[in-house]
Amino acid sequence: MNGNALRSYNCKNEELTVICGFSVQNLRRDLPDFTGYSPMFNEAYLTAYEAKIAAVEELVQPKSETVEQKIITERIYSTLDGLFSPINYVEGYVDLAGNTIPISAADFGLVQLRKSARSHDVENALNLLRTVASNLKKYKVALTAKGLTEELTAKFSDAATSLAEDKNKKYALTSNRAALVQTNVDLLNDLYDQLTEICKIGKILYKTTDKAKLNDYTFSHLLKQVRRVDKPEEDKPAAKDPESHATE
C-alpha cells in the first residue's frame, strides 16, 4: 500500500464503488455471455469482485463513521434551530432599550445570525455568534435593565462552543478518512482495474450486437447514472472510459 500512489480513475472515491455496484448487476445478468467468452468469468470471479467492492466501500465510507457523521450533523442542525427563540428574545430587548443601544438588531448581528441558522450555515453562524456575544457584553447593562438574563446570554456562548466542537469533529473524521483512503489507494486502483477488465470484455461482446448492453459497460454512461446529471451531453467534459483501449 502506497500513500504516494496516484488514483488511476477519474471520479470520486464514493462514485467508484457505486459504479462497480452497477457493473456487478450487469455482469450477473450477462455472466453466461462472459463465461462463454472466457471461463475465467464465473461465479467465483463475480463473488471475489463483490467482496472487493465491499472492502473498498468500508474503506471509503465505513458504516460506523457514516452513522457518527449523521449524528453530528443532526446535533449541529438542532443547535442552529435552537437559536431562533434566543434571537427573538434579544431582538425584543434591543427594541425595548431604544436609544440606549445605538445599533439596530441587524447591526447587532441578530438578523444575519437568524438567516445563517435557518440555512444551517455553520461557518457564518460561528462568526455571527462572536459578533452577538461581543454586543451582548458591550450593551449588557442596558439590555439587563430590559430583562436580559445570564441564562439567555449563555445560550449564545453554549451554541458557539457546541458548533465549534462539532465542526472540528466532522473535519477530523473527514480528514482522517481521506488520509486512510490515500494510504490505501492501491486497493481502489485495483478495484478500478477489475472494472476496466469487465468493461473491456463487455465492449467486445456487445459493441456490434447490443447498444443498450454496450452502455452498461461504458464508464461514462455508468458515471452519468451515478450523478444523475440532466445537463446536455455536449456540455459535459468527456469521462475517461476504461475500455477505450479495447479493440475497435
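Residues numbered from 1 in each chain as written. Predicted model: local features only at pLDDT ≥ 70, side-chain atom pairs only at ≥ 80, totals over all residues. Heavy atoms only, no water.

(A) Region of the structure containing the overall build of the protein. Broken down by element type, the protein carries 12 helices and 0 strands. N-terminal to C-terminal, the α/β element order of the protein is α-α-α-α-α-α-α-α-α-α-α-α. At 27 Å, the protein has a C-alpha radius of gyration far larger than the 18 Å of a compact globule built from 248 residues. Taking the principal axes of the C-alpha coordinates as reference, the protein spans close to 85 × 40 × 30 Å. Each of the 248 residues in the protein was classed as buried or not, and the buried ones make up 38%. (Helix = DSSP H or I, 4+ residues; strand = E, 2+ residues; numbered from the N terminus. Rg over C-alpha atoms; globule rule 2.2 N^0.38 Å. Buried < 20%, exposed > 50% of the residue type's maximum accessible area, 1.4 Å probe, protein only.)

(B) View of the packing of aromatic side chains. Under the counting rule described, the total for this entry stands at 7 aromatic pairs. When the centroid spacing of 4.9 Å and the interplanar angle of 70° are considered together, the rings of Phe 41 and Tyr 45 count as edge-to-face. Tyr 45 matches Phe 41 in its accessibility class, with the two residues each being buried. Following the ring pairs from residue to residue traces out a cluster consisting of Phe 34, Phe 41, Tyr 45, Tyr 206 and Tyr 217. (Phe/Tyr/Trp six-rings, centres within 6.5 Å; stacked < 30°, edge-to-face > 60°.)

(C) Main features of the environment of Arg 114. Note on placement: Arg 114 falls in helix H6 (residues 110–118). For Arg 114, a relative accessible area of 15% gives the class buried. In this structure the C-alpha to C-alpha distance between Arg 114 and Ser 85, which are 29 residues apart in sequence, comes to 9.8 Å. Dropping the residues within four chain positions of it, Arg 114 is found in contact with Phe 84, Ile 87, Asn 88 and Glu 91. (Contact = heavy atoms within 4.5 Å.)

(D) Fine view of the environment of Ala 142. Assignment of secondary structure puts Ala 142 in helix H8 (residues 140–146). C-alpha of Ala 142 to C-alpha of Gly 98: the two residues are 44 residues apart in sequence and 9.4 Å apart in space. Those residues in contact with Ala 142 that sit more than four places away from it in its chain are Thr 100 and Ile 101.

(E) Structural context of the pattern of salt bridges. Under the criterion given, the structure shown has 11 salt bridges. Across the salt bridge formed by Asp 30 and Lys 213, the nearest N and O atoms sit 2.9 Å from each other. Linking Asp 30 in helix H1 (residues 13–37) with Lys 213 in helix H11 (residues 211–216), this pair joins segments that are 183 residues apart in sequence. Here Lys 213 falls in the partly exposed class, since its relative accessible area comes to 21%. Beyond isolated ion pairs, a larger network of salt bridges with shared partners links Arg 29, Asp 30, Lys 213 and Asp 216. (Salt bridge = Lys/Arg side-chain N within 4 Å of Asp/Glu carboxyl O.)

(F) Representation of unusual backbone geometry within the structure. Non-glycine residue His 120 carries a positive phi angle of around 60°. By the element assignment, His 120 lies in the loop between H6 and helix H7 (122–138). Since its relative accessible area comes to 26%, His 120 is described here as partly exposed.

(G) Structural detail: the packing of H7 against helix H9 (residues 150–183). The interhelical angle for the contact between H7 and H9, taken along N-to-C directions, is 150°, at an axis separation of 10 Å. Between H7 and H9, the angle falls in the class roughly antiparallel. The interaxial crossing formed by H7 with H9 has left-handed handedness. Across from Val 122, Glu 123, Ala 125, Leu 126, Leu 129, Val 132 and Leu 136 in H7, the residues of H9 making contact are Thr 153, Phe 156, Ala 159, Ala 160, Leu 163, Ala 164 and Lys 167. In terms of residue class, the contact of H7 with H9 is made up of 11 nonpolar, 1 polar and 2 charged. (Axes fitted to C-alpha atoms, helices over the stretch in contact; angles between N-to-C directions. Parallel < 35°, antiparallel > 145°, perpendicular 65-115°, else oblique. Left-handed = near helix turned anticlockwise from the far one by under 90°. Nonpolar A, V, L, I, M, F, W, Y, C, P; charged D, E, K, R; others polar.)

(H) Layout of the state of the cysteines. Counted by the stated rule, this structure contains 0 disulfides. With no disulfide of its own, Cys 20 has Cys 11 as its nearest cysteine by sulfur position, at a separation of 8.1 Å. Accessibility expressed as a relative area gives 0% for Cys 20, which makes it buried. The thiol of Cys 199 is not disulfide-bonded; the next cysteine sulfur, from Cys 20, is found 8.4 Å away. (Disulfide = S-S within 2.5 Å.)

(I) Quick look at helix H3 (residues 63–81). Compared with an ideal rise of 1.5 Å per residue, which puts 19 residues at 27 Å, H3 spans 27 Å between its outermost C-alpha atoms and is within 8% of the ideal. Residues Glu 65, Ile 72, Thr 73, Ile 76, Thr 79 and Leu 80 constitute the buried set of H3. All buried residues of H3 fall inside an arc of 120° around its axis, so they share one side. Structural note: H3 exposes Lys 63, Ser 64 and Lys 70 on the side pointing more than 90 degrees away from its buried face. Lining the buried residues of H3 we find helix H4 (84–97), H6, H7 and H9. (Expected span 1.5 Å × (residues − 1). Arc of directions from axis to C-beta.)

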